[in-house]
Amino acid sequence: MQYQVVLKKMITELDEEVQYYLDTENNFLNLNQLLDKELEISFEGYQCLCCGKEKKIFRQGFCYECFYESAQVGDWIMKPELSTAHKGIEDRDLAYEKKVQLQPHVVYLALSSNVKVGVTRKTQVPTRWIDQGASKAIEIVEVPNRYLAGITEVALKDYVSDKTSWQKMLKNEIVDADLIEEREKLKTFIPEEAKNYFLENNGKITEITYPVLTFPKKIKSFNLEKSHVYSGKLKGIKGQYLIFEDGTVFNVRNSEGYKVFITIK
Ligand SMILES: [Zn+2]
């Protein structure tokens, strides 16, 4: 069986075990059913997810021009505190920015290797947590726009990491932490403007289990830019990574916009 795919991040569904799907243009390929099967991934070219042209991918599935022009990749995406739509100030396209920024956002704690703080649109819960490979997550505040979420994250970053080790996440080396307790400790550091949005009595921890048969002990990553073909037996899927028997991991999200053949042997 062979599929030609322009890679996009895997679509996920929270279930007893996360279900993973690859959008193959005319179908959705369930990846969980490929566990323990031999796969080959081979590089065929590029297709920018924004303009659709066969141009080299620069970042996040976008060619260089689109990355620096498209409203979908303004600086406020990675740095929510730079959001300005709530003041009516445009970055690249105010209509788009209003649509995305002026909607409920959540600041959360997630446990993927260590405890980290993060921001997401409310509609992206729990997708965002799954994409990061979190085993557990809990919401801290729910605010009406991206700016408030951003300044809350910035304030909390002084007391908790906003980064995680993807290698440890993939090896399943996770620290033991009580998210409810951590959340309580951080409460006092929420900035004044966002304090009223603290989710009182939120004891709800979302637990996430991934389809992984064996976790790798040593990791090497496969990158389509450096090597154009890889084949191996799929042993697990976690975050946005495929994990193979020989410890090779493939970050699907980092490969957005790459056109590949996936062959199931
Ligand atoms: Zn483009």
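Think of each chain on its own: its residues are numbered from 1, step by step along the sequence as written. Thresholds applied to this predicted model are a pLDDT of at least 70 for local features of residues and 80 or more for the giving and counting of side-chain atom pairs; totals over whole chains, interfaces and linings are not thresholded and use all residues.

With an unreviewed UniProt entry as reference, the protein is termed DUF2797 domain-containing protein, source organism Lutibacter aestuarii.

Counting other C-beta atoms within 10 Å of a residue's C-beta gives its exposure: the residue is buried at 20 or more, exposed at 12 or fewer, and partly exposed in between, where C-beta atoms are placed from the backbone. Numbering of helices and strands starts at the N terminus; helices are DSSP runs of H or I of at least 4 residues and strands are runs of E of at least 2. Counting buried positions along helix H5 (residues 146-156) gives nine out of eleven residues, so the element sits mostly inside the fold. For H5, the complete set of buried residues consists of Arg 146, Tyr 147, Leu 148, Ala 149, Gly 150, Ile 151, Thr 152, Glu 153 and Leu 156. Each residue gets a C-beta atom placed from its backbone, and two residues are in contact if those atoms lie within 7 Å. Those residues of H5 that are buried lie in contact with helix H2 (75-78), helix H3 (94-101), strand S8 (105-111), strand S9 (115-121), strand S10 (136-143) and helix H7 (179-186).

Time to look at unusual backbone geometry. Each neighbour pair has its own omega, and for Val 125 with Pro 126 the value is 0°, a cis peptide bond. Structurally, Pro 126 can be placed in the loop between S9 and helix H4 (127-131). You will see that Gln 60, though not glycine, has its phi angle at about 50°, which is positive. Here Gln 60 is to be found in the loop between strand S6 (57-59) and strand S7 (62-63). One non-glycine residue with positive phi stands out, namely Asn 172, at about 65°. Structurally, Asn 172 can be placed in the loop between helix H6 (166-171) and H7. Looking at Asn 172, the number of C-beta atoms within 10 Å reads 16, which means it is partly exposed.

Taken in spatial order, the three strands line up as S2-S3-S4 in an open sheet, and their pairing is antiparallel. Edge positions in the open sheet fall to strand S2 (11-13) and strand S4 (28-30), since each of these has one partner strand only. Pairs of neighbouring strands in the sheet enclose a mean axial angle of 30°, with direction left out of account. Whether two strands pair comes down to DSSP finding at least two bridges between them. Sheet topology places strand S3 (residues 19-23) next to S4; three bridges connect them, and they run antiparallel. Directly across from Tyr 21, in S4, lies its bridge partner Asn 30. To define axes, lines are fitted to C-alpha atoms, for helices over the stretch in contact only, and angles between the resulting N-to-C directions are given on a 0 to 180 degree scale.

Next up on the list: the pairing of strand S16 (residues 258-264). Here strand S1 (residues 2-6) runs beside S16; their pairing, made up of five bridges, is antiparallel. Considered in S16, the bridge of Val 5 is made with Val 260. Here strand S5 (residues 38-46) runs beside S16; their pairing, made up of seven bridges, is antiparallel. Its bridge partner being in S16, Gly 45 is matched across the sheet by Lys 259.

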